[in-house]
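Topology and contacts: notes
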Amino acid sequence: MPETLLPFLTASILLTLSPGPDIIYVLMQSICNGKKDGIITALGLVTGIIIHTSLVAFGISAIIKESETIFLIIKIAGAAYLLFLAYKIYKSDPEVSLDQEKVSSKSFFSLYKTGFIMNVLNPKVTIFFLAFFPGFLWEPEGNTIVQFYLLGGIFMLQAFLIFSVVALLAGKIAFFLKQKNQSGTVFKWVQIIVFIGISIMILV
């Protein structure tokens, strides 16, 4: 195994564990809707990494980095999507997310799609991958595309495992929260604040 893979894995785990839009979203989705929904959301998020890896592997990320207009458009699209999600939560029943019977009726595809789009429309991931991945290529003169996809696969695997653990722990917390009055309303507004906050972070 190339010597660069272990430090790459270590750095990837530290990055994934650091507070950010993806892990916060998995946590909130799991607390409000259950661990299965959190895991499906995590799957959507990590699948989006394929797009960022492909952009880096084929050099498209360099275009985004050099064009302030393209970068701004992607940031605005990502922020707008998060604000749209905040609006949908605002219009929803505050008790729905903590009703276990209604959790099972939610579309897993919808959860997966939301996670996927949220990750793909975060331009900071692409820019970070552009700066991060090249430093761990073990054979720069070889087939870099294969190496980039291997690094991307490792990043996806560790991120999914960490997100899944977060979802499982959050699901247990939800069991206790559902015993409390008004917990649905509280977490409804927490989600709204989180989405608005993340959208502002993306823009600034």
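Residues numbered from 1 in each chain as written. Predicted model: local features only at pLDDT ≥ 70, side-chain atom pairs only at ≥ 80, totals over all residues. Heavy atoms only, no water.

**Re the confidence of the model for the protein chain**
- For the protein chain, per-residue confidence averages 77 on the pLDDT scale, and 75% of positions sit at 70 or higher.
- Considering each helix and strand of the protein chain separately, the mean pLDDT is smallest for helix α7 (residues 100-103), with a value of 41, and largest for helix α3 (residues 35-47), with 92.
- Ignoring residues within four places in sequence, the model shows residues 96-105, a span with pLDDT below 50, making 12 contacts including any to other chains. (pLDDT = per-residue confidence, 0-100. Helix = DSSP H or I, 4+ residues; strand = E, 2+ residues; numbered from the N terminus. Contact = heavy atoms within 4.5 Å.)

**Quick word on the environment of Gly38**
- Its place among the elements puts Gly38 in helix α3.
- A sequence separation of 11 residues divides Gly38 from Leu27, and the C-alpha atoms of the two residues are 7.1 Å apart.

**Remarks on the side chain of Thr41**
- In this structure, Thr41 sits in helix α3.
- For Thr41, a relative accessible area of 0% gives the class buried.
- Here the side chain of Thr41 touches Asp37 through a polar contact of 2.7 Å, landing on its backbone oxygen. (Buried < 20%, exposed > 50% of the residue type's maximum accessible area, 1.4 Å probe, protein only. Polar contact = N/O pair within 3.5 Å; in protein donor to acceptor, adjacent residues only side chain to side chain.)

**A look at the environment of Val166**
- Looking at where Val166 falls in the secondary structure, it is placed in helix α10 (residues 144-177).
- Relative accessible area serves as the criterion here: at 16%, Val166 is assigned to the buried category.
- Once the C-alpha coordinates of Val166 and Gly38 are considered, the two residues, 128 residues apart in sequence, prove to be 8.3 Å apart.
- In contact with Val166, other than residues within four places in its own chain, are Ile23, Val26 and Leu27.

**A few points about the nonpolar core**
- Phe8, Phe133 and Phe163 are the most contacted members of the largest nonpolar core, which has 34 residues in total.
- Of all the elements in the fold, those that place two or more residues in this core are α1 (5-17), α2 (21-33), α3, α4 (49-57), α6 (68-91), α9 (123-132), α10 and α11 (183-203).
- Considering each element in turn, this core owes the most residues, nine residues, to α10. (Core = buried A, V, L, I, M, F, W, Y, C linked by side-chain atoms within 4.5 Å.)

**As for the environment of Gly135**
- Of note, Gly135 is situated in the loop between α9 and α10.
- Here the alpha-carbon distance between Gly135 and Thr4, two residues 131 residues apart in the chain, equals 8.8 Å.

**Remarks on the side chain of His52**
- Examined against the element boundaries, His52 turns out to sit in helix α4.
- Only 2.8 Å separates the side chain of His52 from the backbone oxygen of Asn119, close enough to count as a polar contact.

**Description of the packing of α3 against helix α8 (residues 108-120)**
- Orientation of α3 relative to α8, taken along the N-to-C sense of each, is 40°, at an axis distance of 7 Å. As the angle between them shows, α3 and α8 are arranged oblique. Between α3 and α8 lies a crossing whose hand is right-handed. Between α3, through Lys36, Asp37, Ile40, Thr41, Leu43, Gly44, Leu45 and Thr47, and α8, the contact on the second element is made entirely by Phe108, Leu111, Tyr112, Gly115, Phe116, Met118 and Asn119.
- Per-class residue counts for the contact of α3 with α8 are eight nonpolar, five polar and two charged. (Axes fitted to C-alpha atoms, helices over the stretch in contact; angles between N-to-C directions. Parallel < 35°, antiparallel > 145°, perpendicular 65-115°, else oblique. Left-handed = near helix turned anticlockwise from the far one by under 90°. Nonpolar A, V, L, I, M, F, W, Y, C, P; charged D, E, K, R; others polar.)

**Some points on α2**
- A rise of 1.5 Å per residue sets the reference length of α2, with its 13 residues, at 18 Å; its end C-alpha atoms lie 18 Å apart and thus fit the reference within 8%.
- The buried count for α2 comes to 10 of 13 residues, which makes it a mostly enclosed element.
- Inspection of α2 places Asp22, Ile23, Tyr25, Val26, Met28, Gln29, Ser30, Ile31, Cys32 and Asn33 among the buried residues, and these make up the whole buried set.
- Where α2 ends, the next residue or the one after it, Gly34, has phi of about 110°, a positive value. (Expected span 1.5 Å × (residues − 1).)

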